[in-house]
Amino acid sequence: MSSHVSQKIAERGAIKKIGVVGMGYVGIPAAMLFADVVQFEKVYGFQRESATSGYKIEMLNRGESPLKGEEPGLEDLIEKVVDAGKFECTSDFSRIAELDAVTLSIQTPFLNKRDLLPNFSALKEGLKNVGRYLRPGMLVVLESTVTPGTTAGFAREILEKESGLTAGTDFALAHAPERVMVGRLLRNLREHDRIVGGIDEASTLRATELYSPILTTGKVIPMSATAAEVTKNHGEYVPGSPDRCHERAGAVL
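All figures in this text were calculated on a predicted structure; none of them were measured in a lab. (Residues numbered from 1 in each chain as written. Predicted model: local features only at pLDDT ≥ 70, side-chain atom pairs only at ≥ 80, totals over all residues. Heavy atoms only, no water.)

Novice: Can you break down the pattern of salt bridges residue by residue, with the values?
Specialist: Pairs can form between side chains of opposite charge whenever their charged atoms are close. A complete count under the given rule lists 14 salt bridges for this structure. The closest approach of N and O atoms between Lys8 and Asp170, which form a salt bridge, is 3.6 Å. Of this pair, Lys8 sits in helix α1 (residues 2–12) while Asp170 is found in the loop between α6 (151–163) and β8 (172–175), placing the two residues 162 residues apart along the sequence. We note a salt bridge from Arg187 to Glu191, for which the minimum N-O separation is 3.1 Å. In this pair, Arg187 and Glu191 are both assigned in helix α7 (residues 185–191), four residues apart and thus about one turn of the helix distant. Members of the salt-bridge network, linked through shared partners, are Glu58, Arg62 and Glu64. (Salt bridge = Lys/Arg side-chain N within 4 Å of Asp/Glu carboxyl O. Helix = DSSP H or I, 4+ residues; strand = E, 2+ residues; numbered from the N terminus.)

Novice: Tell me about the sheet that holds strand β1 (residues 17–21), and name the residues and values.
Specialist: Either a parallel or an antiparallel arrangement is found when strands of a sheet pair, and the pairing is made through backbone hydrogen bonds. If you walk across this open sheet you meet the eight strands as β3-β2-β1-β4-β7-β8-β9-β10, and the pairing is mixed. Across the chains shown, the open sheet's two edge strands, defined by having one partner strand only, are β3 (87–90) and β10 (220–224). The mean angle between the axes of side-by-side strands here comes to 25 degrees, regardless of whether they run parallel or antiparallel. Helix α5 (residues 121–132) rests against β1, β4 (101–104) and β7 (139–142) of the sheet, and its axis sits at about 170 degrees to β4. (Pairing = 2+ DSSP bridges. Axes fitted to C-alpha atoms, helices over the stretch in contact; angles between N-to-C directions. Contact = heavy atoms within 4.5 Å.)

Novice: I'd like to hear about the packing of helix α2 (residues 27–35) against helix α4 (residues 74–83), residue by residue, with values.
Specialist: Closest axis-to-axis distance for the α2/α4 pair is 10 Å, and the angle between their directions is 50 degrees. The angle between α2 and α4 falls in the class oblique. Both α2 and α4 take part in a crossing whose hand is left-handed. Residues Ile28, Pro29, Met32, Leu33 and Ala35 of α2 touch α4, and the partners they reach there are Leu74, Leu77, Ile78 and Val81. For the contact of α2 with α4, the class distribution of residues is nine nonpolar, no polar and no charged. (Parallel < 35°, antiparallel > 145°, perpendicular 65-115°, else oblique. Left-handed = near helix turned anticlockwise from the far one by under 90°. Nonpolar A, V, L, I, M, F, W, Y, C, P; charged D, E, K, R; others polar.)

Novice: Can you tell me about α5, naming the residues and giving the values?
Specialist: Along its twelve residues, α5 runs 17 Å from first to last C-alpha, staying within 8% of the 16 Å computed at 1.5 Å per residue. The inward-facing, buried residues of α5 abut β1, β4, β7 and α6. (Expected span 1.5 Å × (residues − 1).)

Novice: Could you give an account of the environment of Ala225, naming the residues involved and the relevant values?
Specialist: Examined against the element boundaries, Ala225 turns out to sit in helix α9 (residues 225–234). Taking the C-alpha atoms as reference, Ala225 lies 10.0 Å from Pro177; in sequence the two are 48 residues apart. Not counting the four nearest positions on each side in its chain, Ala225 is found in contact with Thr151, His175, Gly197, Gly198 and Ile199.

Novice: So what's going on with the packing of α5 against α6? Residues and values would help.
Specialist: Working note: a packed helix pair is described by the angle between its axes plus the distance between those axes. Axis separation between α5 and α6 bottoms out at 7 Å; the angle between their running directions is 35 degrees. For the pair α5 and α6, the sense of crossing is right-handed. Residue-level inspection shows Leu123, Lys124, Leu127, Lys128, Val130, Gly131 and Arg132 of α5 in contact with α6, the latter providing Phe154, Ala155, Ile158, Leu159, Glu162 and Ser163. Here the residues of the contact of α5 with α6 sort into seven nonpolar, two polar and four charged.

Novice: Before we move on, could you go through the side chain of Lys56 and cite the residues and values that matter?
Specialist: Relative to the assigned elements, Lys56 resides in helix α3 (residues 55–61). Beyond its immediate stretch of four places on either side in the chain, Lys56 contacts Met23, Gly24, Gln47 and Pro66.

Novice: Can you tell me about the packing of aromatic side chains, naming the residues and giving the values?
Specialist: For any pair of aromatic rings, the description rests on two quantities: the centre-to-centre distance and the angle between the ring planes. This model, assessed by the stated rule, comprises five aromatic pairs. Pairing Phe46 with Phe93 gives two aromatic rings, centres 5.5 Å apart and planes at 25 degrees, and the pair type is stacked. Here Phe46, found in strand β2 (residues 42–46), pairs with Phe93, found in the loop between β3 and β4; they are 47 residues apart in sequence, far enough to count as distant. Here Phe46 matches Phe93 in class, with each residue buried. Note on Phe120 and Phe154: the rings are 5.1 Å apart at their centroids and 55 degrees apart in plane angle, and the pair reads as tilted. Residue Phe120 is found in the loop between β6 (117–118) and α5, and its partner Phe154 is found in helix α6; the two are separated by 34 residues along the sequence. Comparing Phe120 with Phe154, the two get one shared label, buried. (Phe/Tyr/Trp six-rings, centres within 6.5 Å; stacked < 30°, edge-to-face > 60°. Buried < 20%, exposed > 50% of the residue type's maximum accessible area, 1.4 Å probe, protein only.)

Structure, rendered in structure tokens:
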């Protein structure tokens, strides 16, 4: 299957236009870093016009940060990429059809903290919105915290059902979990090693192409999608030991 999607990726060419679904503490700084990369032409942030979070659209398009708390460098970066015309926030998910890559940074809170079962309803809705406008050769990346098997499981099923396309044949699919702390969002995204796991080799390579430009001291660590999901759920990847994780202290998103 990988050879088929590789051909479609080659026909599409280098990643130029990116979409980030979910304008929160992960999605906003990630979108700004993508937009600040010279080889990426345009980044769209996708946000629903809901009663609780629709205000973010106008704020971001004015070059303002809707996030609470002090985030060094973020406000200036938002203003910079908005003024340069490289970032735009929208509720029009049909714009996804114009893109080369789409990431989903949607919260998956617990349904019940006692049994620790995640609530995937918002993520599933986001996947449906992406799937409706998915085109051959595109890359879709889940950044949300998910249970092992999600990317190749219901995420893949929803995208294929909505698009009529096949993952690994028509489009690339990967998981790239975030590890960020409030107050150090940009620094964490630039400096932490980035785990990237595709459902096949072509998907992993395409996701590596997406994330490598925003890293400074960090590096991309490739693996399978399921392995990437396991690392976020059970700890942090240990370089040189692809099958082991160690617990990391501190609150992460």
